[in-house]
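Observations on chain architecture
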Amino acid sequence: MAEAVPEEELTIPRAAMNKMIKEIVPSVRVANEARELILNCCSEFIHLLASEANEICTQQQKKTINAEHILGALDRLGFNDYRTDAEAVLKDCKAVAAKRRRQSTRLENLGIPEEELLRQQQELFAKAREEQAAAEQQQWLQLQAEAQMSLQQQGDVPSNSEDGEYS
C-alpha cells in the first residue's frame, strides 16, 4: 500500500499555479498571500472531487476512478455548471490520445525511406557476418598453430621407451 504523504506536499506545483494565474489574468498583479489561497483552494477542490469520485467508484464496485466518476462527482457536489467544460476537456483529451495512437511510428519519423533503411540493415548484417567469419577463421588458425606447436614440443620430449631413446 502507498505510504501516507504529508498534507503540505499534496498541492499543485507553485510554478504551474503561477503560470495559470498569469495566463488567466495577465494584466493583474496577484499578491503572494492570494496566490497561496488560490493554491490551497485548488488543492482542496481536487481533494473533494477525488474523494467524491472515489465514493461513486466504490458504490459501483469499481477499482479505478474514470472520467464518468469525476463527472458524477461534479454533479453530486453541485458543480453542474462545470460539467460542460469538463466534458469538453475530456473530449479534447480523447482526441489527443487518439491522434497520438494514429501518429506515425518512429521509423516513419526518421525521414529515411523504408527501402534505404532495409538496404542499410542488409549492409550491417553482411558486415557482421564477415566479421564473424573472420573471427572464426582467426580462431581456427590459432588453434591449428597451437596444435602444431604441441606436436613440435612432443617431438622434442623423450618418449617413455625403455632404452631412453628419443623418437
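The notes below deal with the structure included here. All of these numbers come straight from a predicted model, not from anything done at the bench.

On to the overall build of the protein, then. Secondary structure assignment for the protein yields 6 helices and 0 strands. Of the regular secondary structure in the protein, the N- to C-terminal order runs α-α-α-α-α-α. The proportion of buried residues among the 167 residues of the protein is 11%. Summarising the internal contacts of the protein: among those between residues at least 6 apart in sequence, 26% fall at separations of at least 24.

A positive phi angle is found at Gln61, which is not glycine, with a value near 55°. With respect to the element layout, Gln61 can be found in the loop between α2 (32–59) and α3 (67–76). A residue is classified by how much of its surface remains accessible, and Gln61, at 75% relative accessible area, is exposed.

The next subject is the side chain of Ser43. Locating Ser43 in the fold gives a position in helix α2. Residue Ser43 is classed as buried on the basis of its relative accessible area of 13%. Apart from the residues within four sequence positions on either side, Ser43 is in contact with Leu10, Thr11 and Ile12.

Below, the discussion takes up a nonpolar patch on the surface. Among the surface-exposed residues, Met20, Ile24, Val25 and Val28 lie close enough to one another that they form a single nonpolar patch of about 350 Å² accessible area. Take Val28: it is sitting in the loop between α1 (14–24) and α2.

This next bit is on the side chain of His69. Within the secondary structure layout, His69 lies in helix α3. Judged by relative accessible area, His69 falls into the buried class, the value being 2%. The residues touching His69, leaving out its near neighbours within four places in the chain, are Ala53, Ile56, Cys57, Gln60, Lys62 and Thr64.

This part takes up the environment of Phe45. Mapped onto the fold, Phe45 is located in helix α2. Not counting the four nearest positions on each side in its chain, Phe45 is found in contact with Leu74 and Phe79.

The rules behind these values
Residues numbered from 1 in each chain as written. Predicted model: local features only at pLDDT ≥ 70, side-chain atom pairs only at ≥ 80, totals over all residues. Heavy atoms only, no water. Helix = DSSP H or I, 4+ residues; strand = E, 2+ residues; numbered from the N terminus. Buried < 20%, exposed > 50% of the residue type's maximum accessible area, 1.4 Å probe, protein only. Contact = heavy atoms within 4.5 Å. Patch = residues over 30% accessible without salt bridge, like charges linked within 9 Å, V, L, I, M, F, W, Y side chains within 5 Å. Areas by Shrake-Rupley, 256 points an atom, 1.4 Å probe, with all protein chains shown as cover. Salt bridge = Lys/Arg side-chain N within 4 Å of Asp/Glu carboxyl O.

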